[in-house]
Amino acid sequence: MGIVVNLDVMLARRKMSLTELSEKVGITMANLSILKKGKAKAIRFSTLESLCNVLDCQPGDILEFVSD
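In this report, we go over the structure that sits alongside the text. These numbers were taken from a predicted model, which means no experiment stands behind them. (Residues numbered from 1 in each chain as written. Predicted model: local features only at pLDDT ≥ 70, side-chain atom pairs only at ≥ 80, totals over all residues. Heavy atoms only, no water.)

Nonpolar side chains tend to gather and get buried jointly when the protein is soluble and globular. Judged by nonpolar contacts, the single largest core of 17 residues is most densely connected at Leu7, Leu11, Leu21, Leu32, Leu51, Leu55 and Ile62. Top element by residues in this core is helix 4 (residues 45-55). It accounts for 4 residues. Sequence-distant contacts of Leu11, defined by excluding residues within four places in its chain, comprise Met16, Ser17, Leu18, Leu21 and Leu55. (Core = buried A, V, L, I, M, F, W, Y, C linked by side-chain atoms within 4.5 Å. Buried < 20%, exposed > 50% of the residue type's maximum accessible area, 1.4 Å probe, protein only. Helix = DSSP H or I, 4+ residues; strand = E, 2+ residues; numbered from the N terminus. Contact = heavy atoms within 4.5 Å.)

Pairs can form between side chains of opposite charge once their charged atoms are near each other. As enumerated under the stated definition, the model contains 1 salt bridge in all. One salt bridge in this structure joins Glu20 and Lys24, with 3.2 Å as the shortest N-O distance. Within this pair, Glu20 and its partner Lys24 are both found in helix 2 (residues 18-25), separated by 4 residues, close to a single helical turn. (Salt bridge = Lys/Arg side-chain N within 4 Å of Asp/Glu carboxyl O.)

The next point concerns helix 4. For helix 4, the set of buried residues is Leu48, Leu51, Cys52 and Leu55. One face of helix 4 carries all of its buried residues, which in axial projection span an arc of 95 degrees. Every exposed residue of helix 4 that faces more than 90 degrees away from the buried side is listed here: Glu49 and Asn53. Elements in contact with the buried residues of helix 4: helix 1 (7-13), helix 2, helix 3 (29-36), helix 5 (59-62) and strand 2 (63-66). At the exit of helix 4 stands Asp56, carrying a positive phi of roughly 50 degrees. (Arc of directions from axis to C-beta.)

For the rest of this paragraph, the subject is the environment of Ile3. Within the secondary structure, Ile3 is located in strand 1 (residues 2-5). When its relative accessible area of 57% is taken as the criterion, Ile3 is described as exposed. Sequence separation between Ile3 and Phe65 is 62 residues; the distance between their C-alpha atoms is 4.5 Å. If we skip the residues at most four places from it in the chain, Ile3 touches Leu63, Glu64 and Phe65.

Let us now look at the side chain of Ser22. Residue placement: Ser22 occurs in helix 2. Under the relative-accessibility criterion, Ser22 is labelled buried at 11%. Engagement of the side chain of Ser22 in a polar contact is seen with the backbone oxygen of Ile27, the distance being 2.5 Å. Non-local contacts of Ser22, meaning those with residues more than four positions away in its chain, are made with Ile27, Thr28, Met29 and Leu32. (Polar contact = N/O pair within 3.5 Å; in protein donor to acceptor, adjacent residues only side chain to side chain.)

Any functional reading would require information beyond the geometric quantities listed.
Below, the structure written as structure tokens:
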């Protein structure tokens, strides 16, 4: 399975839309959607930092390792 992106979970907990997150973080909706769907191959630390800052969470709240 590998790395799971829990961005949708964090958005629900913060009662925030993907559009609102996009505006606050400065990342396009398309790129956030790719990340949210788990289709991203990589994420920059600066992007992860921005997401954590806006969502008031830790990187481990967004990214999770799940073994097979």
